[in-house]
Amino acid sequence: MENKDRTNLRNQNHQHEGEGEFQRKMSSRHLFMLSLGGVIGTGLFLSSGYTISQAGPFGAILSYLIGAIVVYLVMLSLGELAVAMPVTGSFHTYATKFISPGTGFTVAWLYWICWTVALGTEFLGAGMLMARWFPHVPAWIFATLFAGIIFALNAFSVRFFAEAEFYFSSIKVITILLFIILGLGAIFGLIPMHHVSEAPYFSNLTAHGLFPKSWTAVLSVMLSVNYAFSGTELIGIAAGETDNPTEAVPRAIKTTISRLVIFFVLTILVLASLLPMEEAGVTKAPFVLVFDRIGIPFAADIMNFVILTAILSAGNSGLYASSRMIWSLANEGMISKKMVRINQHGVPMRALLLSMVGAGLALFASIYAADTVFVALTAIAGFAVVVVWLSIPISQIHFRKEWNKSHKEEELHYKTPFSPFLPYVTITLLLISIIGIAWDTSQRAGLYFGIPFTIGCYLYYYLRYKRL
């Protein structure tokens, strides 16, 4: 890599004069909680029951272990890139520079779709959760209220956003820790459970055999597992607004990954041990069912509040991520440069507003076109996570080749271990998870809609700019 290019990409977070600048206001504490908050959401609180019902208790644990390994490998590659080049837009910028501009363009729109679809469903989901306490108030009123709150948290300043996310995430983390402690106590008979005369231990894990629906079921649920882990990559997006990325990014990656393994794998272990496979297939709130069995008073209300917090936290992170991705596209000249404007608070307000419009359209589609447009959007979103992750190790491989032309590896502040061998392992695992979609009829739409959408992005970019 040429010294001039490397210096520009590393030190410049904004290339248009007079358009404002991002403020490096996030600490490693904020970065850690931003990533954790983006991950711990409805994928863990609600969708974990689906994974158990499809792959079986043991298969679900195995799938989350594999998912944790995959996300860890992805983050190792992202860490090297984000420390060397801490820019807002992160993997979109890396894909543009080290793979091709067309790939960067496609990755950015896939990621934006992923989060804007999530935002629409989260606003609606939050409104529906409020119906438990306010049954006579239409869900759209609360959805609008929560959308306004999330927009305000992002619009004030990046510091205000980061502090709000820190406290949102703290509630979820405390809840999961309590769930794991109480669940393990119930598994070993230290805490009595309703309708259970003796300690269940781990007998439920093999009650229907290791793989009741064959080993391919583990492969088929990997898309939903990867989607559950999505949000970890926010560390890379926020690196450009972090006060000391050289130290903060590696620390956030290390702490986030270790916590994810603890939270996700232990949580699934508890759920799979205490929740029969046949019940996991019908309940929409596996945490509530387990809390009820342990005898926690007001379990449903407690979890309703926690899931509401999880939704707002994920929405907070999602709006941040999608607005920065739009800004990054504008900064690279791939969409109107009007979106590159940053106000005095360090917020790309126009990009933020466009992302809110996208979330509003996704919300509208989820209500009035749930069986057509929204199915396509959610399928693309699930597919997008894996494709975006796939671009990260590929970018890292090309970055390292460029770096080694004029520098020594020892000059890197953070290195992906065993490169390029490990990034190739990451790529292989991600490709396998994409292929695995074909085995699950409920997720196969991810291929039907995701692949044409990806091809469409490439074609648009080629026709618009005559280059890939």
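None of these values were measured; they are calculated from a predicted model. (Residues numbered from 1 in each chain as written. Predicted model: local features only at pLDDT ≥ 70, side-chain atom pairs only at ≥ 80, totals over all residues. Heavy atoms only, no water.)

## Thoughts on the overall build of the protein chain
Inference 1: Within the protein chain one finds 19 helices and zero strands.
Inference 2: Relative to its 468 residues, the protein chain shows a buried fraction of 59%.
Inference 3: For the protein chain, contacts bridging at least 24 residues in sequence account for 82% of all contacts bridging at least 6.
Inference 4: Approximately 18,900 Å² of the protein chain is accessible, and the part contributed by carbon and sulfur atoms is 66%. (Helix = DSSP H or I, 4+ residues; strand = E, 2+ residues; numbered from the N terminus. Buried < 20%, exposed > 50% of the residue type's maximum accessible area, 1.4 Å probe, protein only. Contact = heavy atoms within 4.5 Å. Areas by Shrake-Rupley, 256 points an atom, 1.4 Å probe, with all protein chains shown as cover.)

## Considerations on the packing of helix H7 (residues 139-156) against helix H16 (residues 349-368)
Inference 1: Remark: H7 packs on H16, axes separated minimally by 11 Å, with the N-to-C direction vectors making an angle of 160°. When the axis of H7 is compared with that of H16, the two are roughly antiparallel. Seen from above, H7 lies across H16 with right-handed handedness. Where H7 abuts H16, its residues Ala147, Phe151, Asn154 and Ala155 lie against Met349, Leu352, Leu353 and Met356.
Inference 2: Looking at side-chain class alone, the contact of H7 with H16 contains seven nonpolar, one polar and no charged residues. (Axes fitted to C-alpha atoms, helices over the stretch in contact; angles between N-to-C directions. Parallel < 35°, antiparallel > 145°, perpendicular 65-115°, else oblique. Left-handed = near helix turned anticlockwise from the far one by under 90°. Nonpolar A, V, L, I, M, F, W, Y, C, P; charged D, E, K, R; others polar.)

## Observations concerning the nonpolar core
Inference 1: In this structure, Phe91, Tyr94, Tyr111, Phe229 and Trp389 are the most contacted members of the largest nonpolar core, which totals 140 residues.
Inference 2: Broken down by element, this core gets its largest block of residues, 17 residues, from helix H4 (residues 48-84).
Inference 3: In this structure tyrosine 94 touches Leu78, Leu81, Ala82, Met85, Val87, Ile99 and Ser395, once residues within four positions along its chain are discounted. (Core = buried A, V, L, I, M, F, W, Y, C linked by side-chain atoms within 4.5 Å.)

## Topic: the packing of aromatic side chains
Aromatic ring pairs: the centre-centre distance and the angle between the two ring planes describe each pair.
Inference 1: Overall, the coordinates contain ten aromatic pairs when judged by the stated rule.
Inference 2: Relative to tryptophan 112, the ring of tryptophan 109 lies with its centre 5.4 Å away and its plane at 85°, an arrangement referred to as edge-to-face. Taken together, the residues span about one helical turn, with tryptophan 109 and tryptophan 112 both in helix H6 (residues 101-129) at a distance of three residues.
Inference 3: Measuring from centroid to centroid gives 5.6 Å for phenylalanine 134 and phenylalanine 142, while their planes differ by 35°, and the two rings are tilted.
Inference 4: Three or more aromatic residues link up through ring pairs in this structure, and these residues are Phe105, Trp109, Trp112, Tyr460 and Tyr461. (Phe/Tyr/Trp six-rings, centres within 6.5 Å; stacked < 30°, edge-to-face > 60°.)

## Comments concerning the pattern of salt bridges
Inference 1: On inspection of all chains with the given rule, the structure shows four salt bridges.
Inference 2: Aspartate 301 is the salt-bridge partner of arginine 132, the closest N and O atoms lying 2.8 Å from each other. Highlighted residues: arginine 132 in the loop between H6 and H7 and aspartate 301 in helix H15 (residues 299-331), separated in sequence by 169 residues.
Inference 3: Connected via shared salt-bridge partners are Glu80, Arg400 and Glu409. (Salt bridge = Lys/Arg side-chain N within 4 Å of Asp/Glu carboxyl O.)

## Observations concerning unusual backbone geometry
Inference 1: Residue proline 420 is bonded to the preceding serine 419 through a cis peptide linkage, with omega at 10°.
Inference 2: For proline 420, the position within the fold is in the loop between helix H17 (373-406) and helix H18 (421-436).
Inference 3: With a phi angle near 55°, phenylalanine 418 is a residue other than glycine that sits in the positive phi range.
Inference 4: Within the secondary structure, phenylalanine 418 is located in the loop between H17 and H18.

## Describing the confidence of the model for the protein chain
Inference 1: Summing up the model confidence of the protein chain, the mean pLDDT is 79 and the portion of residues at 70 or higher is 84%.
Inference 2: In this model, residues 1-18 is a region of pLDDT below 50 whose contacts with residues beyond four sequence positions or in other chains number 42 contacts. (pLDDT = per-residue confidence, 0-100.)

## As for the environment of valine 261
Inference 1: With respect to the element layout, valine 261 can be found in helix H12 (residues 245-274).
Inference 2: Given a relative accessible area of 35%, valine 261 falls into the partly exposed group.
Inference 3: Distance from valine 261 to isoleucine 69, taken between C-alpha atoms, is 8.7 Å for residues 192 residues apart in sequence.
Inference 4: With residues near it in sequence (within four places) discarded, valine 261 still touches Ala68 and Leu266.

## Details of the packing of H4 against H18
Inference 1: Remark: H4 packs on H18, axes separated minimally by 9 Å, with the N-to-C direction vectors making an angle of 135°. One element, H4, and the other, H18, form an angle in the oblique class. Considering how the two elements wind past one another, H4 and H18 form a crossing that is left-handed. Seen from H4, the contacting residues are Val70, Leu73, Val74, Leu76 and Ser77; seen from H18, they are Leu422, Pro423, Val425, Thr426, Leu429 and Leu430.

## Section: the side chain of serine 433
Inference 1: You can see serine 433 is positioned in helix H18.
Inference 2: Apart from residues lying up to four places away in sequence, serine 433 is in contact with Met222, Asn226 and Val386.

## What about the environment of alanine 84?
Inference 1: Within the element layout of this structure, alanine 84 appears in helix H4.
Inference 2: Note on alanine 84: relative accessible area 6%, which makes it buried.
Inference 3: Along the primary structure alanine 84 and proline 245 are separated by 161 residues, whereas in three dimensions their C-alpha atoms are 9.0 Å apart.

## Some points on the environment of histidine 194
Inference 1: Here histidine 194 is to be found in the loop between helix H8 (158-187) and helix H9 (216-220).
Inference 2: Separated by 101 residues in sequence, histidine 194 and glycine 295 have C-alpha atoms that sit 7.0 Å apart.
Inference 3: Setting aside residues no more than four positions away along its own chain, histidine 194 makes contact with Asp292, Arg293 and Gly295.

## A short note on a nonpolar patch on the surface
Inference 1: Taken together, the side chains of Ile451, Ile455, Leu459, Tyr462 and Leu463 define a hydrophobic patch exposed on the protein surface, amounting to about 480 Å² of accessible area.
Inference 2: Positionally, leucine 463 belongs in helix H19 (residues 445-465). (Patch = residues over 30% accessible without salt bridge, like charges linked within 9 Å, V, L, I, M, F, W, Y side chains within 5 Å.)

## Looking at the side chain of asparagine 304
Inference 1: Position of asparagine 304 relative to the elements: it lies in helix H15.
Inference 2: Assessed through its relative accessible area of 9%, asparagine 304 is described here as buried.
Inference 3: There is a polar contact of 3.0 Å between the side chain of asparagine 304 and the backbone oxygen of leucine 129.
Inference 4: Not counting the four nearest positions on each side in its chain, asparagine 304 is found in contact with Leu129, Arg132 and Trp133. (Polar contact = N/O pair within 3.5 Å; in protein donor to acceptor, adjacent residues only side chain to side chain.)

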